[in-house]
6 protein chains.
Amino acid sequence: MPTVTIEGPPLTDINKKRTLTKEMTESAAKAYQLPKDVIVVVIKKNLPENVSVGGQLIIDRHHKKSE
Amino acid sequence: MPTVTIEGPPLTDINKKRTLTKEMTESAAKAYQLPKDVIVVVIKKNLPENVSVGGQLIIDRHHKKSE
Amino acid sequence: MPTVTIEGPPLTDINKKRTLTKEMTESAAKAYQLPKDVIVVVIKKNLPENVSVGGQLIIDRHHKKSE
Amino acid sequence: MPTVTIEGPPLTDINKKRTLTKEMTESAAKAYQLPKDVIVVVIKKNLPENVSVGGQLIIDRHHKKSE
Amino acid sequence: MPTVTIEGPPLTDINKKRTLTKEMTESAAKAYQLPKDVIVVVIKKNLPENVSVGGQLIIDRHHKKSE
Amino acid sequence: MPTVTIEGPPLTDINKKRTLTKEMTESAAKAYQLPKDVIVVVIKKNLPENVSVGGQLIIDRHHKKSE
C-alpha cells in the first residue's frame, strides 16, 4: 500500500487536487509496478506562518516582497 | 517513547477517541514491554477532499455512491 | 483508508508485530466504523542513538543506568 | 534539504514561532554543516483532545487538574 | 517548499527513483504554481514485515500466495 | 508532549546528535513553556539516492559537482 503525502501551501481548487492525486497515483503505480487501486495519496497544508526556510517564516518573506 | 499516530477521517465522538487511544496504548505497551506512561498516541484527521485511493478523491467516491 | 503508524525501539519478534498490528487494526476499525480491510498499520523503528527525551539521547540514558 | 518538524500544542504567539524556527534552523545548519538557506522548519499543532499520554487524552488530564 | 513523501516497498532500481521523483516534482510544481526548484521529494521504504493491511502483515500475505 | 523530528542526511558523529537534540529541546521547551522532560526529539536520515530537489536526486547532483 504505497502512500504519497504532499505537504504544501493551501490548495483551494478541488480540480487541482483531482489532477495532482491522479498524476501522483499513476507515477507511483508505474514505479512500484502495482495496480493504482492500492496507491493512497494524502494532501496536507501548512500555513505560511508555520513554515520557515533559512530561519525566516514564509509569512514574513511575503511581507518583505511587498515592501 | 513509542508514538502511535492515527490518520483517518474526522472522529467527532470524544468517547471514541478515549477508547481508541486507550486501546492503542495498551497494545503498544504490551508489544514494547514498556509502561503505559511512555506511550503517546496522536489522532490526526484528513478530509475526504484531501485523500485519494486509486487516483480518485474520497469526496468524489462518495458522490458516485449517491448517484 | 485510516493509517496507523507506530514508531518505537526495534521490535525483533515477528509475533509481537503480528499481535500489535492485528490489535491496532481492530481498534481502528471499531473507532472509524470501517471494515478491517481498509486499515493500514506501519511499524517504524528508531535507534536509541536517534531519540532524546528531555534533551538526553536514549543511548546515553542507558549508559547512565549501568553505572 | 534537512527538514525539522515540530508537533505540539497550539502556539498562538507569532514571535514565539519566529524565535523557535530561527533557533532550530541555526542548530540544524550547525549539525549538518549546511547553509541555513536549505533548512526547512514546519510547526504543526495537535489539539489536547487528539493526544494521549499513558492512555489518557491531554484534555482529560487538564480536567482532572482543575478538580 | 512543498514536500512529497512516498512510502512503499523497497525500490532498488535507481532509474525508477529518478523517474518517480521527476514526475512527482512536475505534478507538484504545476498544482502549486511554483518553480520546480522548491519541490522536495523523499522516498522511504517499509519492509513487508512492518506493514499490515486488514490486520495481516504483508510478509504473511506473500507466504500465503506461495502456498 | 511536543515532538521534534529532524530529517536530513546521515549524521555519523554522536556528539553532533547530542548537541542537536539538546539545543532543539531547549528551544522547544522555551517556546511551549513546558519542562524539558516532556520534549522528545527524533533524528531520521534520508540517503542521497532517496531525496530530490527540483526533480533531481541529491546523489546525481553530487555526481555533477565532481565533473
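Our structure's up above, just so we're on the same page.
The shown structure was predicted, so the numbers you read here are calculated from the model rather than taken from an experiment. (Residues numbered from 1 in each chain as written. Chains lettered and ligands numbered in written order. Predicted model: local features only at pLDDT ≥ 70, side-chain atom pairs only at ≥ 80, totals over all residues. Heavy atoms only, no water.)

Draft legend 1. Here's a closer look at the side chain of Asn46(E). Looking at the element boundaries, Asn46(E) is found in the loop between strand 2 (40-45) and strand 3 (51-53). Its relative accessible area of 12% is what places Asn46(E) among the buried residues. In this structure Asn46(E) touches Val42(C), Lys44(C), Glu7(E), Gly8(E), Pro9(E), Pro10(E) and Val51(E), once residues within four positions along its chain are discounted. (Helix = DSSP H or I, 4+ residues; strand = E, 2+ residues; numbered from the N terminus. Buried < 20%, exposed > 50% of the residue type's maximum accessible area, 1.4 Å probe, protein only. Contact = heavy atoms within 4.5 Å.)

Draft legend 2. Looking closely at the environment of Lys30(D). Its place among the elements puts Lys30(D) in helix 1 (residues 14-32). For Lys30(D), a relative accessible area of 48% puts it in the partly exposed group. Within polar-contact distance, the side chain of Lys30(D) engages the side chain of Glu23(F) at 2.5 Å. (Polar contact = N/O pair within 3.5 Å; in protein donor to acceptor, adjacent residues only side chain to side chain.)

Draft legend 3. Quick look at the relation of the copies chain B and chain D. When chain B is brought onto chain D, the operation consists of a screw motion whose angular component is 120 degrees and whose axial shift is 0.0 Å, with 0.0 Å RMSD remaining. The operation mapping one copy onto its partner corresponds to a three-fold rotation axis. Among all residues of chain B, the one whose C-alpha sits closest to the rotation axis is Lys44(B), at a distance of 6.4 Å. (Least-squares fit on C-alpha atoms with pLDDT ≥ 70 in both.)

Draft legend 4. The arrangement of the interface of chain E and chain A in detail. Contact residues are listed per partner, giving 22 residues for chain E and 22 residues for chain A. Of the roughly 2,000 Å² buried between chain E and chain A, counting both surfaces, carbon and sulfur atoms make up 60%. Summed over the three residues of chain E that lose the most area to chain A, namely Met24(E), Ala31(E) and Tyr32(E), the buried surface amounts to 25% of that side. Scanning the region where chain E abuts chain A turns up two salt bridges. Across the pair Lys30(E) and Glu23(A) runs a salt bridge, and its minimum N-O distance is 2.5 Å. (Buried area = accessible area lost by both parts, 1.4 Å probe. Salt bridge = Lys/Arg side-chain N within 4 Å of Asp/Glu carboxyl O.)

Draft legend 5. Structural view of the relation of the copies chain E and chain A. When chain E is fitted to chain A, the best match, at an RMSD of 0.0 Å, comes from turning it 180 degrees and sliding it 0.0 Å along the axis. Here the two chains are linked by the operation of a two-fold rotation axis. Relative to the rotation axis, the C-alpha of Thr5(E) is the closest in chain E, positioned 2.6 Å from it. Mapped onto chain A, 100% of the interface residues of chain E are again interface residues, and the two copies thus contact each other with one and the same surface.

Draft legend 6. Structural context of the sheet that holds strand 4 (residues 56-57) of chain A. With mixed pairing, the eight strands of this open sheet are ordered in space as 4(A)-3(A)-2(D)-1(D)-1(F)-2(F)-3(C)-4(C). At either end of the open sheet lies a strand with only one pairing partner, and these are strand 4 of chain A together with strand 4 (56-57) of chain C. Here strand 1 (residues 3-8) of chain D pairs with strand 2 (residues 40-45) of chain D via six bridges, running parallel. When the bridges of strand 2 of chain D are listed, Val4(D) appears paired with Val41(D). Across the sheet, helix 1 of chain D lies against strand 3 (51-53) and strand 4 of chain A, strand 1 and strand 2 of chain D together with strand 1 (3-8) and strand 2 (40-45) of chain F, angled at about 135 degrees from strand 2 of chain D, the strand it touches most. The strands that helix 1 (residues 14-32) of chain F touches are strand 3 (51-53) and strand 4 of chain C, strand 1 and strand 2 of chain D together with strand 1 and strand 2 of chain F; relative to strand 2 of chain F, the one it contacts most, it runs at about 135 degrees. (Pairing = 2+ DSSP bridges. Axes fitted to C-alpha atoms, helices over the stretch in contact; angles between N-to-C directions.)

Draft legend 7. Examining the packing of helix 1 (residues 14-32) of chain A against helix 1 (residues 14-32) of chain E more closely. Between helix 1 of chain A and helix 1 of chain E, the shortest axis-to-axis distance is 10 Å and the interhelical angle comes to 180 degrees. Here helix 1 of chain E runs roughly antiparallel to helix 1 of chain A, going by the angle between their axes. Contact residues: Lys16(A), Leu20(A), Glu23(A), Met24(A), Ser27(A), Ala28(A), Lys30(A), Ala31(A) and Tyr32(A) in helix 1 of chain A; Lys16(E), Leu20(E), Glu23(E), Met24(E), Ser27(E), Ala28(E), Lys30(E), Ala31(E) and Tyr32(E) in helix 1 of chain E. (Parallel < 35°, antiparallel > 145°, perpendicular 65-115°, else oblique.)

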